[in-house]
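One letter stands for each residue in the lines below.
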Amino acid sequence: MKILAIETSCDETAAAVTEGTHVLSSIKITQEIHSQWGGVVPSLARRDHEQNIDWVVQKTLDDAGVAAGEIGAIAVTQGPGLAIALEVGIKKAKDLCRQLRLPLVAVNHVEGHVLSALVDTDTHVRFPCAAIVISGGHTQVILVKKIGEYQILAESLDDDIGEAIDKGARMLGLTYPGGPALEKLAALGNPKVFSLPRPMAGREDNRFSYAGLKSAFYRLVQTLENLNETQKADLAAVYQSRVFEHLVRITTLVLTKQKENVIIRDLLVGGGVAANATLRTMIEHMGRQIDICVHYPTNMILCTDNAAMIGVAAGYMYDQGKFVPTEELDRIDRKPRMRVDET
Ligand code: KG4
Ligand code: ZN
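Just so you know, these numbers come straight off a predicted model, no measurement behind them.

(A) Broad picture of the coordination of the zinc ion (ligand 2). Here the zinc ion (ligand 2) is held by the protein donor atoms H109 (NE2), H113 (NE2) and D305 (OD), which lie 2.0 to 2.1 Å from it. One way to put it: the four donor atoms around the zinc ion (ligand 2) meet at angles of 94 to 138°, and that makes the site irregular. Binding-site remark: the zinc ion (ligand 2) is held by donors from one chain whose sequence spacing is H-x3-H-x191-D. Residue H109 is found in helix α3 (residues 109-115), and its partner D305 is found in the loop between β11 (293-295) and α9 (308-319); the two are separated by 196 residues along the sequence. The residues H109 and D305 share a single accessibility class, namely buried.

Right under this line is the structure:
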């Protein structure tokens, strides 16, 4: 069955047509407007979603070569995300459901990221497995008991990993979102020139924390005047290393502990930060050490927000009977704080 999926939870206006785990087309417009503000401005995100949503949906149908009548269900991100941004996608999805008399599948954005490593592949995953979702709004280690049944094993106490990366990048004068630019700069630098504390050093915890590291980085940058390019690269290198080392250290602890109770053989990695090549190498190394097979989205575009992952998640949900018929669309409303472990 073909699904038309819509995603507007943050600053990408996205739509896709999927069939099972297969992507027939996927379109997204990344809103440029936020870069001048150093972060996403919800009212501007909403305005851009409203301007672009009709075009994005039509373009993905055209690219897939699929007529509206061939679609079996509409999928939309219900949460978590920015309330006024989510509303735009949900309204469009409901309008389409009424017009085409189709059921609606309301998808959790984090579940989309969890399943993004399964999009457009025949990867075989053995359940239970684990997942990490690392993005601007999420830093979670998740036990995937089976598709649709999740338990959060670790999450952040304060800033999320992508947020910490974006704020650190901004301190070095890089534009939002800073992840890709910080990655390039860090590759030119030496992480040993400057020293920065390791978050929660020595503590065996199942929580991530980036606020202390971010403040320490801010103080370090403040002490240096008129940074030259070499210093900037060295700062980028040490900051990125500390951010990633913390992620890997806590994830290793949590998964090792979990493996004492449950056999976990596969790890799915999703979210924008998973696009980082240095981090991928570190996670793969961790996988070898704790004997877990690591799976990434096949394409970088599937790491950052996209509608294909929402469509694929919706396909599984539909098969499990998790959809709302056209007559009951009013039951669905945006859930800005939706958790992946809620039933
Ligand atoms: O998944 P995503 O598009 O949106 C959220 O759900 O938050 O993730 C966006 C985050 C941003 O913080 C961005 O800086 C980060 O992903 N990111 C990266 C890279 N590409 C995107 N972080 C590190 N290295 C990258 N190459
Ligand atoms: Zn996301």
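(B) Molecular detail of the environment of A154. Of note, A154 is situated in strand β8 (residues 149-156). Classification of A154 by relative accessible area gives buried; the value is 2%. Spatially, the C-alpha atoms of A154 and P191 are 27 Å apart, while their sequence positions differ by 37 residues. Aside from chain neighbours lying at most four places away, what touches A154 is T139, Q140, V141, N206, F208 and V254.

(C) The arrangement of the site of ligand 1 in detail. As a matter of local geometry, ligand 1 sits amid 20 residues, with G136, D166, E183, N276 and D305 nearest to it. Residue H109 places a side-chain N or O atom 3.4 Å away from an oxygen atom belonging to ligand 1. In the complex, the protein chains occlude 90% of the 550 Å² of accessible area that ligand 1 would expose alone. When residues of the shell around ligand 1 are traced back to their parent elements, those giving at least two are α3, α4 (161-171) and α5 (179-187). Ranked by the residues each element gives to the shell around ligand 1, the list is headed by α5, at three residues. Considering only residue class, the shell around ligand 1 consists of five nonpolar, 12 polar and three charged.

(D) Fine view of the sheet that holds strand β10 (residues 266-270). The sheet built from six strands is open, its strands ordered β9-β8-β7-β6-β10-β11 with mixed pairing. Two strands bound the open sheet, and with one partner strand each, they are β9 (207-208) and β11. As paired elements, strand β7 (residues 139-146) and β8 share five bridges and run antiparallel to each other. Looking across to β8, one finds that I142 is bridged to I152.

(E) Focus on the packing of helix α7 (residues 229-259) against helix α8 (residues 277-290). Packing of α7 against α8 brings their axes to within 10 Å, and their N-to-C directions diverge by 25°. Taken together, α7 and α8 sit at an angle that is classed as roughly parallel. Along this stretch, α7 crosses α8, giving a crossing that reads as right-handed. Here Q240, F244, E245, L247, V248, T251, T252, L255, T256 and K259 of α7 lie close against α8, whose contacting residues are T278, L279, M282, I283, M286 and I290. Of the residues contributing to the contact of α7 with α8, the split by class is nine nonpolar, five polar and two charged.

(F) Geometry of the side chain of D160. When you line up the elements, D160 lands in the loop between β8 and α4. Of the buried charged residues, D160 lacks a salt bridge, with K167 as the closest side chain of opposite charge at 9.2 Å. Apart from residues no more than four positions distant in its own chain, D160 is found in contact with S135, G136, G137, H138, T139 and Y210.

About the criteria used
- Residue numbers run consecutively from 1 along every chain, following the written order of its sequence.
- In the order they appear in the text, chains get letters beginning with A and ligands get numbers beginning with 1.
- Since the coordinates come from a predicted model, pLDDT governs what is reported: local features require at least 70, and pairs of side-chain atoms require 80 or more to be given and counted, while whole-chain, interface and lining totals use all residues.
- To obtain the side-chain values, all non-hydrogen atoms of the structure were used and water was disregarded.
- Each metal site lists N, O and S donors within 2.8 Å (3.2 Å for Na, K and Ca). With water left out of the atoms, a site can look as if it is missing ligands.
- Only two sets of limits are used to name each site, 85 to 135 degrees for every angle of a tetrahedral four-donor site, and over 155 degrees for opposite donors with all other angles from 65 to 115 for a square planar four-donor or octahedral six-donor site, with any other site named irregular.
- Counting from the N terminus, the helices are DSSP H or I runs at least four residues long and the strands are E runs at least two residues long.
- Working definition: with a 1.4 Å probe on protein chains only, accessible area under 20% of the residue-type maximum means buried, over 50% means exposed, and in between means partly exposed.
- Whether two residues are in contact is decided by their heavy atoms: any pair within 4.5 Å suffices.
- One heavy atom within 4 Å of a molecule or strand is enough for the residue carrying it to be called near that molecule or strand.
- Polar contacts, as used here, are pairs of N or O atoms within 3.5 Å; protein pairs need one atom able to donate a hydrogen and one able to accept it. Residues neighboring in sequence count only if both atoms are side-chain atoms.
- Computed with a 1.4 Å probe, the accessible areas rest on the Shrake-Rupley method; for each residue, only the protein chains presented here act as cover.
- Think of it as three bins: nonpolar holds Ala, Val, Leu, Ile, Met, Phe, Trp, Tyr, Cys and Pro, charged holds Asp, Glu, Lys and Arg, and polar takes everything else, Gly as well.
- Two strands pair if DSSP finds at least two bridges between them.
- Here, axes are lines fitted to C-alpha atoms. For helices the fit covers the stretch in contact, and angles between N-to-C directions go from 0 to 180 degrees.
- Reported orientations rely on four angle classes, namely roughly parallel under 35 degrees, roughly antiparallel over 145, roughly perpendicular from 65 to 115, and oblique for the rest.
- In a left-handed crossing the near helix is turned counterclockwise from the far helix by less than a right angle, and in a right-handed crossing that turn is clockwise.
- Neither His nor the chain ends is counted toward charge; the positive residues are Lys and Arg and the negative residues Asp and Glu.
- Salt bridges are counted wherever a side-chain nitrogen of Lys or Arg sits within 4 Å of a carboxyl oxygen of Asp or Glu.

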